[in-house]
Amino acid sequence: MEKIYMIPVNDAYNEHGGCPICRLRDKAENNYLEYYLGPSLMEPDTRKITNKTGFCPVHMGKLNKAVTNRLGLGLVMHTHLKDFNEDINPKLQAAIPAKAGLLKGRNPEYKQKLNNMADLIEKRIRLCPICDNLNDAMEHYVEVICWMFSHDKDFKEKFINAEFHCLPHTAMLLRQAAKLPQNDAADFVEALYTNNTATFDALISDVEYFTLKFDYRNTDKPWGTSKNSIQRSMRFLSSDGRDFDEQQSKKQS
Ligand SMILES: [Zn+2]
Ligand SMILES: [Zn+2]
């Protein structure tokens, strides 16, 4: 099994709170953001890729927030815009429908051309080397997690005691478990199930308590673990915690 993936997996499971796989994802994503804003920007091989792909909307937003290298971002944006323009606009010009007149009849072919253009643009704006690298890394991580669960007792313990695995990452783990021998899959999925039901039960009860706190008769009762239960539920339901941190909801109580 690949050691370079085992170390970050162990690190993520040694930390507490939330989903360890989200932590792995966040770290890997930050590394790729730094990579694409770092010296790699000037490497012709990288530029060949980013000229074509640019970045997806989510990663453009994150690159925009990482103000470390505005010049680099400008250079990448410049050559990407040029590449996009040279690719799209000649084709767009060719797709302008001819006006039907007395001599030239109507020709419905233009509809297909316009839809093809739309497909082409939509396909290009989805391209993102950060997403590609991240998806690759996540596949390796999930593979390593399943392997370590069956081969490393300490890790198995940590896996069982993780606060939770968010639902999108639970789905990823299940897909990986489907590739395991049946007995390995049995142990793994049982641990995942136990963790999952415990998380649902805890969140359901905390969120209910949160709502009951709005009853004036409960004003003086302590919040207990319910105060950030909305955010914890959001982080459990979605692997993307961008807007689900406690600071973003100042008026929650
Ligand atoms: Zn997660
Ligand atoms: Zn992306």
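Whatever comes next refers back to the structure up there.
Residues numbered from 1 in each chain as written. Chains lettered and ligands numbered in written order. Predicted model: local features only at pLDDT ≥ 70, side-chain atom pairs only at ≥ 80, totals over all residues. Heavy atoms only, no water.

Caption draft 1: View of the coordination of the zinc ion (ligand 1). Ligation of the zinc ion (ligand 1) by protein atoms is provided by Cys 19 (SG), Cys 22 (SG), Cys 166 (SG) and His 169 (ND1), these donors lying 2.0 to 2.4 Å from the ion. Around the zinc ion (ligand 1) sit four donor atoms; with metal-centred angles ranging over 97 to 116°, the donor geometry is tetrahedral. Each donor residue of the zinc ion (ligand 1) belongs to the same chain, with the gaps between them written as C-x2-C-x143-C-x2-H. Pair noted here: Cys 19 is in the loop between helix H1 (3-14) and helix H2 (20-37) and Cys 166 is in the loop between helix H8 (153-160) and helix H9 (167-177), with a separation of 147 residues, a long-range link. Look at Cys 166 and you get buried, because its relative accessible area is 0%. (Donors = N, O, S within 2.8 Å, 3.2 Å for Na, K, Ca; no water. Tetrahedral: all angles 85-135°; square planar, octahedral: opposite > 155°, others 65-115°. Helix = DSSP H or I, 4+ residues; strand = E, 2+ residues; numbered from the N terminus. Buried < 20%, exposed > 50% of the residue type's maximum accessible area, 1.4 Å probe, protein only.)

Caption draft 2: Quick look at the coordination of the zinc ion (ligand 2). Those protein atoms acting as donors to the zinc ion (ligand 2) are Cys 56 (SG), His 59 (ND1), Cys 128 (SG) and Cys 131 (SG), and they sit at 2.0 to 2.3 Å. In this structure, the zinc ion (ligand 2) is coordinated by four donor atoms arranged in tetrahedral fashion, with angles at the metal of 104 to 115°. Here the donor residues of the zinc ion (ligand 2) are spaced in sequence according to C-x2-H-x68-C-x2-C. With Cys 56 in the loop between helix H3 (44-53) and helix H4 (57-65) and Cys 128 in the loop between helix H6 (109-126) and helix H7 (129-151), this residue pair connects regions lying 72 residues apart in the sequence. Taken individually, Cys 56 and Cys 128 each receive the classification buried, so the pair is uniform in this respect.

Caption draft 3: Examining the nonpolar core more closely. Counting 34 residues, the largest nonpolar core has Val 9, Tyr 13, Tyr 141, Ile 145, Phe 159, Leu 173 and Phe 188 as the members making the most contacts within it. Elements represented by at least two residues in this core include exactly H1, H2, H7, H8, H9 and helix H10 (182-212). Element by element, the count of residues in this core is highest for H7, at 10 residues. When near neighbours in sequence (up to four residues on either side) are disregarded, Phe 159 contacts Tyr 13, Ile 145, Phe 149, His 165, Leu 173, Phe 188, Ala 191, Leu 192 and Asn 195. With 11 residues, the next largest nonpolar core counts Leu 33, Cys 56, Leu 73 and Cys 128 among its residues. (Core = buried A, V, L, I, M, F, W, Y, C linked by side-chain atoms within 4.5 Å. Contact = heavy atoms within 4.5 Å.)

Caption draft 4: Structural context of the side chain of Asn 196. When you line up the elements, Asn 196 lands in helix H10. Every residue in contact with Asn 196, bar those within four places of it in the chain, is listed here: His 165, Leu 167, Thr 170 and Phe 236.

Caption draft 5: Expanded view of a nonpolar patch on the surface. On the surface, Met 60, Met 77 and Leu 81 cluster together into a nonpolar patch covering about 260 Å² of accessible area. Locating Met 77 in the fold gives a position in helix H5 (residues 70-94). Accessibility expressed as a relative area gives 32% for Met 77, which makes it partly exposed. (Patch = residues over 30% accessible without salt bridge, like charges linked within 9 Å, V, L, I, M, F, W, Y side chains within 5 Å. Areas by Shrake-Rupley, 256 points an atom, 1.4 Å probe, with all protein chains shown as cover. Salt bridge = Lys/Arg side-chain N within 4 Å of Asp/Glu carboxyl O.)

Caption draft 6: Structural view of the pattern of salt bridges. Here the structure, examined in full by the defined rule, presents 10 salt bridges. We note a salt bridge from Lys 27 to Glu 15, for which the minimum N-O separation is 3.8 Å. Taken together, the residues span a long stretch of sequence, with Lys 27 in helix H2 and Glu 15 in the loop between H1 and H2 at a distance of 12 residues. Take Glu 15: its relative accessible area is 39%, and that puts it in the partly exposed class. Residue Arg 124 is joined to Asp 83 by a salt bridge in which the shortest nitrogen-to-oxygen separation is 2.9 Å. With Arg 124 in helix H6 and Asp 83 in helix H5, the pair connects residues that are 41 residues apart, well separated along the chain. The buried category is assigned to Arg 124, whose relative accessible area is 6%. Take Asp 83: its relative accessible area is 19%, and that puts it in the buried class. What emerges from the salt-bridge pattern is a single network uniting Lys 52, Asp 83, Asp 87, Lys 91 and Arg 124.

Caption draft 7: Local environment of the packing of aromatic side chains. Counting across every chain of the model gives 13 aromatic pairs. Ring centres of Tyr 35 and Tyr 36 lie 4.9 Å apart, and the angle between their planes is 90°; this geometry places the pair in the edge-to-face category. Its relative accessible area of 39% is what places Tyr 35 among the partly exposed residues. Tyr 36 gets classed as buried once you look at its relative accessible area, which sits at 6%. An angle of 85° between the planes, with centres 5.0 Å apart, marks the rings of Phe 149 and Phe 188 as edge-to-face. Here the residue Phe 149 occupies a position in helix H7, and Phe 188 occupies one in helix H10, the gap between them amounting to 39 residues. Like Phe 149, the residue Phe 188 is buried in the burial classification. An aromatic cluster is built from Tyr 13, Phe 149, Phe 155, Phe 159 and Phe 188, whose rings are joined through pairwise contacts. The ring of Phe 84 carries the charged tip of Arg 124 above its face, separated from the ring centre by 4.4 Å. Looking at Lys 213, its charged tip hangs above the ring of Trp 223, at a distance of 4.9 Å from the centre. (Phe/Tyr/Trp six-rings, centres within 6.5 Å; stacked < 30°, edge-to-face > 60°. Lys NZ or Arg CZ within 6 Å of the ring centre and 35° of its normal.)

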